[in-house]
Amino acid sequence: MQHLITPNDFSNNEILDLFKDARLFGDLQTNSILEGKLIVTLFFENSTRTRSSFEIAAKRLGADVVNLEVQTSSTKKGETVEDTVANLNAMKPDAIIIRHSDCGLPASLVEYVDCPIINAGDGKNAHPTQALLDLFTIYEHFDGKTKGKKIAIVGDISSSRVATSNLELLPRFGLKPILVSPKKYKVSSIYKTTSKLKKIVNKLDIIMSLRVQHERHESNVLPEELEKEKQKYAKKYCITKKLIKDKDILILHPGPVNRNIDISDEILEDKRSKVLQQVANGVCVRMAILKKLILQKK
Ligand code: ASP
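Parameters at a glance
- Residues numbered from 1 in each chain as written.
- Predicted model: local features only at pLDDT ≥ 70, side-chain atom pairs only at ≥ 80, totals over all residues.
- Heavy atoms only, no water.
- Buried < 20%, exposed > 50% of the residue type's maximum accessible area, 1.4 Å probe, protein only.
- Helix = DSSP H or I, 4+ residues; strand = E, 2+ residues; numbered from the N terminus.
- Pairing = 2+ DSSP bridges.
- Right-handed = clockwise from strand over helix to strand, strands pointing away.
- 1 Å grid on protein atoms, 1.4 Å probe; cavity = no way out; pocket = protein on both sides within 12 Å on 5 of 7 lines; lining within 4 Å.
- Points joined across faces, edges and corners; volume = space filled by probe spheres on them.
- Nonpolar A, V, L, I, M, F, W, Y, C, P; charged D, E, K, R; others polar.
- Core = buried A, V, L, I, M, F, W, Y, C linked by side-chain atoms within 4.5 Å.
- Contact = heavy atoms within 4.5 Å.
- Salt bridge = Lys/Arg side-chain N within 4 Å of Asp/Glu carboxyl O.
- Axes fitted to C-alpha atoms, helices over the stretch in contact; angles between N-to-C directions.
- Left-handed = near helix turned anticlockwise from the far one by under 90°.

**Concerning the pairing of strand 1 (residues 38-43)**
Alright, step 1. With five of its six residues buried, strand 1 lies for the most part within the structure.
Alright, step 2. Across five bridges, the pairing between strand 1 and strand 2 (residues 64-68) is parallel. From the neighbouring strand, Thr41 faces strand 2, where its bridge partner is Asn67.
Alright, step 3. With respect to chirality, the unit in which strand 1 leads through helix 2 (residues 49-60) into the neighbouring parallel strand 2 is right-handed.
Alright, step 4. Two elements, strand 1 and strand 3 (residues 95-100), share five bridges in a ladder whose sense is parallel. Across the sheet, residue Phe43 finds its bridge partner in strand 3, namely Arg99.

**Details of empty space enclosed by the protein**
Alright, step 1. By the definition in use, this model includes one cavity of 30 Å³ or more.
Alright, step 2. Reported here for the largest cavity is a volume of approximately 90 Å³.
Alright, step 3. Arg49, Gln130, Leu133, Gln278 and Val279 are the residues nearest the centre of the largest cavity, which is lined by 13 residues in total.
Alright, step 4. The set of elements that each furnish at least two residues to the lining of the largest cavity consists of helix 2, helix 5 (128-141) and helix 11 (275-295).
Alright, step 5. Top element by residues in the lining of the largest cavity is helix 11. It accounts for six residues.
Alright, step 6. For the lining of the largest cavity, a count of residues per class yields five nonpolar, six polar and two charged.

**What about the nonpolar core?**
Alright, step 1. Ranked by internal contacts, the top residues of the largest apolar core, which has 53 residues, are Ile39, Leu132, Ile138, Ile153, Ile289 and Leu290.
Alright, step 2. It is helix 11 that provides the largest number of residues to this core, a total of nine residues.
Alright, step 3. If we ignore the near neighbours within four places in the chain, the residues touching Leu290 are Leu34, Ile39, Phe54, Ala57, Ala58, Leu61, Ile97, Ile118 and Leu295.
Alright, step 4. By size, the runner-up hydrophobic cluster in this structure holds 25 residues, among which are Ile178, Ile207, Ile249 and Ile267.

**Comments concerning the environment of Ile244**
Alright, step 1. Along the chain, the position of Ile244 falls in helix 9 (residues 241-244).
Alright, step 2. Judged by relative accessible area, which is 0%, Ile244 ranks as buried.
Alright, step 3. Between the C-alpha atoms of Ile244 and Gly62, which are 182 residues apart in sequence, the distance is 43 Å.
Alright, step 4. Ignoring any residue separated from it by four or fewer positions in sequence, one finds Ile244 in contact with Val201, Ile207, Ile239, Ile249, Ile251, Ile267 and Arg272.

**Things to note about the layout of surface pockets**
Alright, step 1. Of the volumes computed, that of the largest pocket is approximately 440 Å³.
Alright, step 2. Mapped by element, the contributors of at least two residues to the lining of the largest pocket are helix 2 and helix 6 (161-169).
Alright, step 3. Across the lining of the largest pocket, the residue classes break down as four nonpolar, ten polar and seven charged.

**Observations regarding the pattern of salt bridges**
Alright, step 1. Applying the stated rule across the entire model yields 14 salt bridges.
Alright, step 2. For the salt bridge of Lys59 with Glu55, the shortest nitrogen-to-oxygen distance reads 2.9 Å. Remark: Glu55 and Lys59 occur in helix 2; sequence separation between them is four residues, near one turn of the helix.
Alright, step 3. Of the residues examined, Lys59 reaches a relative accessible area of 44% and is grouped as partly exposed.

**Description of the sheet that holds strand 3**
Alright, step 1. Taken in spatial order, the four strands of this open sheet run 2-1-3-4, and their pairing is parallel. Of all the strands in the sheet, the pair left with one neighbour each is strand 2 and strand 4 (117-122). The sheet shows a mean angle of 15 degrees between the axes of neighbouring strands, direction not considered.
Alright, step 2. Packed on one face of the sheet, helix 11 meets strand 1, strand 3 and strand 4 and runs near 140 degrees to strand 4.

**Some remarks on the packing of helix 5 against helix 11**
Alright, step 1. Packing of helix 5 against helix 11 brings their axes to within 9 Å, and their N-to-C directions diverge by 115 degrees. Seen from above, helix 5 lies across helix 11 with right-handed handedness. Contacts from Thr129, Gln130, Leu132, Leu133, Asp134, Phe136 and Thr137 of helix 5 reach helix 11 at Gln278, Asn281, Gly282, Cys284, Val285, Arg286 and Ile289.

The following block contains the structure:
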C-alpha cells in the first residue's frame, strides 16, 4: 500500500502517469471510478482550497466523503491524533486525508492505518499535492519542456511547506529554482538564493509567489507594525507590472493570495497569471492521486 507524505513518494514515471489521468479528468466532470469508496478528511489547520479541492475531487470520482469536524472531535477531549486515526481506521475508510501543524505527523500515522494516508500539509514540512499540481500547471504550460526553465520561488521560504515540497519535486523535472526572500525568511540551500528579485527578473521563466506565513511567526507584533512590515515587503517582492513589464513569465501562487502584497491586482488579472488554473488543476490532479492510491491498494 502506498501513502503520499512527500513528493518523493512518487517516482517520475508515476507522476507522468498521474498527469495522464489528470488530463483525462481535466473537464472536472463526474464519473463512478471510486463509487462505493469512502474518504475521510481530517483538517487540524485552516484550509479553504485544499479541503474543498479534495472533497470535490473525491465526489467527482463518485466517492463518499466524511469531513471530521476537528473542533468538536475527541482530540478536543484529550484523545491523541494517533488514537483518533486508529479509531477512524477501524471504520474501514478507503483513504484518510490529513492536515496538521506538526511536521512529520502524517508520516507517523501510517502504522495506525490499513488505507492510504494523504498529507494535505504538515506545518512547514510538506504539501505534496500542492507541489504536484504546481508541477502539472508548469508542465502543461510548457508542453512538457520543463528542462532548464528558471523558476523564482519568492517569499517566506523558511516557513513555507509549498516551497519545501516544490524544491523536492521541481528539480527532478529539470527546473532550476532560485530562492528569493528577505534575509529573515532565507534558508541555506543548494540552490541560488537572493534577496533582490528585480536583479534576476530578466532571467526568469516562472515566478511562484508565496504568502508570508504570519501565523507561523511570533505573534506579539502590533497590528500597525505588521501592516508596516507588509508594505515594506510588498515594495520589494510584490509581483507587479512595473517589475515584470511585458516579459513572458508564468505567474503562480498556491493561495490564499494577499492582494497587492504578494501579487498586484493588475497582474492577477493578466493572462500570464495562472493562479485560478492552478486551482482547477488541483482538482484533477487530486482526482488522479485518489484514483491511484485507492484503486492500487492491496
Ligand atoms: N495554501 C498553502 C498552504 O496550505 C499556502 C499558504 O497557506 O500560504 O501551505
